[in-house]
Amino acid sequence: MERIPVLRMGSLLLITIQVDMHDKLAMQLQDDVTQRISDWGSTGVLIDISSLEIVDSFIGRMLANIAGMSRVLGAETVVVGMQPAVAITLVELGMSLPGVRTALSVEAGMELLYGAGAGFKTGRDDDPAEA
Amino acid sequence: MRARDLKREGTMTQPRRETLPLKTSNDVVFARQKVRQWAIELHFGLVDQTKLVTAASELARNALDHGKGGQMVIEQVTNGARAGLKLIFEDQGPGIPNIEMALKDGYSTGTGMGLGLGGSKRLVNEFSVESTPGKGTRVTVVRWK
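Treat the numbers as computed from the prediction; the structure is a model and nothing was measured.

### Quick notes on the environment of B:Gly116
Residues and elements named next belong to chain B.
In step 1: Position of Gly-116 among the secondary structure elements: in helix H5 (residues 116–122).
In step 2: Judged by relative accessible area, which is 11%, Gly-116 ranks as buried.
In step 3: Considering only alpha carbons, one finds Gly-116 and Pro-97, 19 residues apart in sequence, at a separation of 16 Å.

### Observations regarding the nonpolar core
In step 1: Counting 63 residues, the largest nonpolar core has A:Ile15, A:Ile17, A:Leu29, A:Val33, A:Ile47, A:Met62 and B:Phe89 as the members making the most contacts within it.
In step 2: Considering each element in turn, this core owes the most residues, 8 residues, to helix H3 (residues 46–65) of chain B.
In step 3: For A:Leu29, the contacting residues outside a window of four places in its chain are A:Ile4, A:Val6, A:Ile15, A:Ile17, A:Met62 and A:Ile66.
In step 4: A:Val78, A:Met110, A:Leu113 and A:Tyr114 belong to the second largest nonpolar core, which has 9 residues in total.

### Focus on the confidence of the model for chain B
In step 1: Put simply, chain B has an average pLDDT of 87, and 83% of its residues get 70 or more.
In step 2: Quick note on the complex model: pTM equals 0.85, ipTM equals 0.83.

### Quick notes on the interface of chain A and chain B
Many analyses report the size of an interface as the accessible area lost when the parts associate.
In step 1: Each partner contributes residues to the interface: chain A has 20 residues there, and chain B has 23 residues.
In step 2: Summed over both sides, the interface of chain A with chain B buries roughly 2,000 Å², with 56% coming from carbon and sulfur.
In step 3: The largest contributions to the chain A side of the interface with chain B come from A:Ile54, A:Glu92 and A:Leu93, which together make up 27% of the buried area.
In step 4: Taken together, chain A and chain B are joined by 6 salt bridges.
In step 5: Along the contact surface separating chain A from chain B lie 11 residue pairs in polar contact (both at pLDDT 80 or more).
In step 6: Elements that contribute at least two residues to the side of chain A that touches chain B include exactly helix H1 (23–40), helix H2 (57–72) and helix H3 (84–93) of chain A.
In step 7: Per element, the largest residue contribution to the side of chain A that touches chain B is 6 residues, and it comes from H3(A).

### A short note on the pattern of salt bridges
Residue and element names in this part refer to chain B.
In step 1: Throughout the structure, instances matching the rule amount to 16 salt bridges over all chains.
In step 2: We note a salt bridge from Arg-16 to Glu-41, for which the minimum N-O separation is 3.1 Å. Note that Arg-16 is positioned in the loop between helix H1 (2–9) and strand E1 (17–22) and Glu-41 in helix H2 (residues 25–41), a separation of 25 residues in sequence.
In step 3: A relative accessible area of 9% places Arg-16 in the buried class.
In step 4: Salt-bridge contacts for Glu-130 lead to Arg-138; the nearest nitrogen and oxygen are separated by 3.1 Å.
In step 5: Taking the relative accessible area as the measure of exposure, Glu-130 reaches 40% and is therefore partly exposed.
In step 6: Judged by relative accessible area, which is 33%, Arg-138 ranks as partly exposed.

### Focus on the sheet that holds strand E5 (residues 101–103) of chain A
All names here are of chain A.
In step 1: The sheet built from 5 strands is open, its strands ordered E1-E2-E3-E4-E5 with mixed pairing. Since the sheet does not close on itself, it has two edges, and those belong to strand E1 (6–9) and E5, each with one partner. Between one strand axis and the next, the sheet turns through 25° on average, direction left out of account.
In step 2: Taken strand by strand, helix H4 (residues 106–115) contacts E1, strand E2 (12–16), strand E3 (44–48), strand E4 (76–80) and E5, and its axis lies near 165° from that of E3.

### Considerations on the pairing of strand E5 (residues 136–144) of chain B
All names here are of chain B.
In step 1: For E5, the tally of buried residues reaches 8 of 9 residues, placing the bulk of the element in the interior.
In step 2: Strand direction decides the pairing type here: strand E3 (residues 82–91) and E5, joined by 8 bridges, are antiparallel. Across the sheet, Lys-86 pairs through a bridge with Val-142, a residue of E5.
In step 3: In terms of strand pairing, strand E4 (residues 126–132) meets E5 through 7 bridges, oriented antiparallel. Within E5, the position partnered with Thr-132 by the bridge is Gly-136.

Rules used in this analysis
- Residues numbered from 1 in each chain as written.
- Chains lettered and ligands numbered in written order.
- Predicted model: local features only at pLDDT ≥ 70, side-chain atom pairs only at ≥ 80, totals over all residues.
- Heavy atoms only, no water.
- Helix = DSSP H or I, 4+ residues; strand = E, 2+ residues; numbered from the N terminus.
- Buried < 20%, exposed > 50% of the residue type's maximum accessible area, 1.4 Å probe, protein only.
- Core = buried A, V, L, I, M, F, W, Y, C linked by side-chain atoms within 4.5 Å.
- Contact = heavy atoms within 4.5 Å.
- pLDDT = per-residue confidence, 0-100.
- Buried area = accessible area lost by both parts, 1.4 Å probe.
- Salt bridge = Lys/Arg side-chain N within 4 Å of Asp/Glu carboxyl O.
- Polar contact = N/O pair within 3.5 Å; in protein donor to acceptor, adjacent residues only side chain to side chain.
- Pairing = 2+ DSSP bridges.
- Axes fitted to C-alpha atoms, helices over the stretch in contact; angles between N-to-C directions.

What follows is the structure, encoded as structure tokens:
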């Protein structure tokens with residue numbers, strides 16, 4: 001079955017959405033992310049949507065759901081790379097993605113997650129961003 | 001093929017029109033790709049393209065989820081020198097009993113966020129809904145370049 005890959009990097013999950021998602025694929029991703037958090041004890045989820053040419057209310061809701069479900073499971077979610085035209089459209093549509101943290105780039109998103117204490121569990125205890 | 005025809009004939013010839021089925025969630029993906037392709041051919045700006053494609057996605061999903069499937073008609077329209085795209089979404093579903101209510105943000109009978117109709121109205125220049133309970137719904141939108 002067609003799936004969006006969920007990669008594991010330390011205690012983070014990395015997801016890059018590169019296809020025009022149909023609704024079932026979006027639902028599958030929601031299930032996969034929660035399952036991986038539970039399997040691997042991940043504490044951060046980074047979702048790159050820079051390839052998405054539109055985010056409609058369904059995909060917006062999926063992103064909000066993933067963020068909400070992850071939080072309940074103890075992981076922070078950051079959505080990164082939204083195209084400006086997508087942001088304009090999404091807000092006009094009436095969705096400002098409340099409860100979803102966002103960042104411009106993968107790098108900035110990573111920083112947010114490390115700051116939230118979701119980085120590698122070992123070796124980053126002295127990270128000043130966590131203090 | 002169509003793009004080539006369009007170029008050869010210019011944009012002032014008989015209007016182009018195409019009908020696409022909306023029976024599965026893959027059809028919704030195909031419908032928005034088609035709208036994108038036409039918007040690009042008409043040289044819509046990126047934000048305009050994105051708004052129209054997003055509206056199409058919402059309305060196509062409405063026809064599928066609430067109208068039990070239907071079809072989308074895409075048509076090139078002109079108003080003087082202005083070019084635009086008209087999209088018509090038709091279903092033979094249960095219809096909308098109270099259109100005014102359905103256009104309000106947050107109104108939803110399904111599992112959505114209730115942004116579909118009201119939200120897509122804000123993304124286009126012209127918007128009309130005709131619905132007959134028990135017969136079906138037709139939503140027509142136009143976005144001008």
